[in-house]
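Each chain, written out:
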Amino acid sequence: MQRLPRLSYRHRLSQGCGCPRRRSGGLLTSLLVLLVMAGALTGSGLWYWQKSRANAIRTDLIVEAARRGPFDHIVLEQGELESTSNVDIMCRVRSRGGSSGTALLWVIDEGTAVEAGEKLVELDSSALEMSLKEKRVVVIGAEANVAAAEALVEQAKIARQEYLEGLYDTDEKLILSEMAIAEQSLRKAQLALNSSERLVAKGLVKALQLEADQFAVANARNQLEGAQNRLRVLQNLTRQKMLVQFDSAIDSAEAQLAAALGSLEEEQAELRDIQEQIDLCVITAPAAGVVIHANQYSSRGGNAEFVVEPGAIIRERQTILRLPDPKRMQVRAKVNESRITLISQGMPAKIRVDAVNNMELIGRVAKVNRYAEPGSWYSSSVKQYATTIEIIDPPDTIRTGMTAEVQIFVEQIPDALQVPIQAVYEHGGQTYSLVRLGDREFETREVTLGATNDSHASILAGIAEGEKVVLNVRQNLSLMDLPEIEREDNTSLAGETGGSLIEGEDGPSAGGLGPQGGRAAIGESGELGPRGAGPRDGAPREGGPRQGGPGDGGPRQGGLGEGGPGGRRPPGSGPGGPDARGDLGASPRGEPGLRDGAAIESSEGEASATTSDSAPAALTRSERIEALRASIQERIAAQASTDSGRGIEPVIGSSSGAE
């Protein structure tokens, strides 16, 4: 802690000082003494009044004794009733012609009780009916194509049979007949040739006749061989060739028939599909139940994304209605991430439905989601997890969509010391309670909490059974003796990270605060100036503005010792910003200044220098008040000496150093 400069006064002997001046100086001294005595009396009276007020019996305190008893650690959340088994009524009509969906013409009112087979929804089927008419024409054309293809197949088969049983048989028989005639002619020619040879040998026929008979035999033989060759070609080649042609024609006709049949089947299937789509435009109830419209709301808030009403466009497989099973109900609640780890499957729960005469139901946790729900734009930082609580034996009076309050019993302690939650006060990461020992005696105790709920907290240590604790402790913090919160020292971060916390223009400082930090930084020379001060004794200091340079800082640097290059500050010229005028109380933080800009020289032996490894010690409030009071007294004494004309001049005293 720095020590303020001590002012001593050196009297210059002046001749001819008269009694009136002494009387004036004595009057001022008496006035000063009276002011000091009045301040002391006022302070004593204030202290006595506060003490008497503290010792008075407090009637505004709300106290309650710590007691033992059953304690339920619960997680309280709001949820919505829904059915475990829902029959979803979905749109099964496909969009056609590039449209986004099918228009809704009529829908049954929400909340209507329906029976199985009752009409629920009617969709627009005009486009489907037009397509149905067009498809019927296409189907008729496909049926005609099938009939033509079947005729071609039949013709091809008949042509093959005609060849085998008609043309081929006829050609074969003709060739066989020619062969028989050729054999007969050959036999006759052979007999004639034999007869001619005998006659020529007897000399009865000339040789010319013999030669003619020989040519006749050769001709008959050639005709027979030609007929045989034609028969072989007909049987082995021509028949096979014609069969290949006929079979090919049959296959082609059958392929055309298959294509026509396939086209017909497709067209008929599309026709049936269109008819089914038209039938699906009217949706009936598959089972009995109460109708719930499947309206969809945006998770980011605002208007609904989809409302079930006439004119709405319904996509394929989009849920339009729900028919919940009233005998199987559950509650779906969203639990904050700070409490989701306390909940597990199978925990008992109590459900209260405000809409049905505050009905209380019993249930158990059926499912806890492992992933957070999508957040909205106004609560993107809040993570919530969906939790499903199954209701045991739900009554018929509850309905889906009702709001329910769910109490999940995390832990049930049969005998626990507990106090109301209002008696616990958190301070500096610890919990405290104010225990009333008597009418005027209170004790602040640090307590260790166990499980808590919305009304009470279980106490593990710090309070005994039967002790009375103050409930409205936040309105009576003056009665508590709380420890001071130690500020976390982060100066070691600069060395661990290889950098510095604050850097000036010429490089990092040695750990001091910035211009608005309320105190000067440590320069490279290791000296530490007073609050908002510049270099002392006119010696320039190395480093940037944050190393104690003159006038560096904002409105928070109007403290003592504002020195310029020569160690003095003229009136109203303090470089500490607009509030650093040198007046008393000019700094927002309440550091004492000097009035009228009078210069005060610091002694050369004043210990204000510290090493760069040590942080400056901050003055407490009482020390600042004492320094301000001493400065006022010295200023009054100096003014009185000046008025008396005795030549009193303030000089630097020989202060010892920093305490």
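Computed from a predicted model, the values in this text were never measured in an experiment.

Once that is clear, we can look at the environment of E225. Structurally, E225 is set in helix α3 (residues 207-280). Among the residues examined, E225 registers a relative accessible area of 40% and is labelled partly exposed. Here the alpha-carbon distance between E225 and M179, two residues 46 residues apart in the chain, equals 8.0 Å.

In an α-helix there are 3.6 residues to a turn, and that puts residues three or four apart on one side. For α3, built from 74 residues, the straight-helix expectation of 110 Å at 1.5 Å per residue is met to within 8% by its first-to-last C-alpha distance of 107 Å. Largest kink in α3: about 40°, centred on L234.

Attention shifts here to the sheet that holds strand β10 (residues 292-293). Spatial ordering of the open sheet is given by β4-β14-β10, a layout of three strands whose pairing is antiparallel. Both outer strands of the open sheet, β4 (86-90) and β10, are each paired with one neighbouring strand and no more. Direction of pairing for β10 relative to strand β14 (residues 319-324): antiparallel, over a ladder of two bridges. Across the sheet, I292 pairs through a bridge with R322, a residue of β14.

Time to look at the pairing of strand β18 (residues 384-391). In terms of residue burial, β18 counts as a mostly covered element, since six of its eight residues are buried. Examined bridge by bridge, strand β15 (residues 329-336) and β18 share seven bridges and lie antiparallel to one another. Each residue of the ladder has a partner; that of A333, found in β18, is T387. Pairing geometry for strand β17 (residues 359-368) and β18, over five bridges, is antiparallel. Across the sheet, residue G363 finds its bridge partner in β18, namely I391.

With that settled, consider the pattern of salt bridges. The full count for this structure, using the stated rule, is 17 salt bridges. The salt bridge partner of R445 is E443, with a shortest N-O separation of 3.3 Å. Salt bridges here are not isolated pairs; linked through shared partners, they connect K135, E267 and E270.

With that settled, consider the packing of aromatic side chains. Taken as a whole and assessed by the stated rule, the structure comprises two aromatic pairs. Between Y163 and Y168, the aromatic rings sit 6.0 Å apart at their centres with planes inclined by 50°, giving tilted as the arrangement. Residue classification places Y163 among the buried positions, given a relative accessible area of 4%. Here the aromatic residues Y163, Y168 and F246 are joined through ring pairs into a cluster of three or more. Its end group placed over the ring of Y168, R239 keeps NZ or CZ at 5.4 Å from the ring centre.

This brings us to the sheet that holds strand β13 (residues 313-314). Pairing is antiparallel across the open sheet formed by four strands, whose spatial order is β8-β7-β5-β13. The open sheet terminates on both sides in strands that have one partner only, identified here as β8 (282-284) and β13.

Before going further, it helps to examine the confidence of the model for the chain. On average, residues of the chain carry a pLDDT of 75, and 69% of them reach 70 or more. In the model, residues 1-22 has pLDDT below 50 throughout and makes 51 contacts with residues more than four positions away in sequence or in other chains. Counted against residues more than four places away or in other chains, residues 646-659, with its pLDDT under 50, gives 38 contacts.

The residue K135 is located in helix α2 (residues 126-202) in this model. Judged by relative accessible area, K135 falls into the buried class, the value being 14%. Among the polar contacts listed, one links the side chain of K135 to the side chain of E267, at a separation of 3.0 Å. Here the side chain of K135 touches E270 through a polar contact of 2.5 Å, side chain to side chain.

This brings us to the side chain of T319. Along the chain, T319 turns up in strand β14. Excluding its chain neighbours within four sequence positions, the residues that come into contact with T319 are D88, I89, M90, A294 and F306.

A few words on the pairing of strand β21 (residues 430-436). Burial analysis of β21 places six of its seven residues in the buried class, the great majority of the element. Two strands pair when backbone bridges link them, and strand β20 (residues 425-427) and β21 are joined in this way by three bridges, in the antiparallel orientation. Note that in β21 the partner of H427 across the bridge is Q430. Hairpin remark: β20 followed by β21, antiparallel, with two residues in the connecting loop; positive phi at G428, about 65°.

Before going further, it helps to examine unusual backbone geometry. One non-glycine residue, R317, adopts positive backbone phi at about 65°. Structurally, the position occupied by R317 is in the loop between β13 and β14. Non-glycine residue D393 carries a positive phi angle of around 50°. Mapping D393 onto the fold places it in the loop between β18 and β19 (403-420).

Scoring rules and cut-offs
Residues numbered from 1 in each chain as written. Predicted model: local features only at pLDDT ≥ 70, side-chain atom pairs only at ≥ 80, totals over all residues. Heavy atoms only, no water. Helix = DSSP H or I, 4+ residues; strand = E, 2+ residues; numbered from the N terminus. Buried < 20%, exposed > 50% of the residue type's maximum accessible area, 1.4 Å probe, protein only. Expected span 1.5 Å × (residues − 1). Bend = angle between axes of the 7 residues up to and from the residue. Pairing = 2+ DSSP bridges. Salt bridge = Lys/Arg side-chain N within 4 Å of Asp/Glu carboxyl O. Phe/Tyr/Trp six-rings, centres within 6.5 Å; stacked < 30°, edge-to-face > 60°. Lys NZ or Arg CZ within 6 Å of the ring centre and 35° of its normal. pLDDT = per-residue confidence, 0-100. Contact = heavy atoms within 4.5 Å. Polar contact = N/O pair within 3.5 Å; in protein donor to acceptor, adjacent residues only side chain to side chain.

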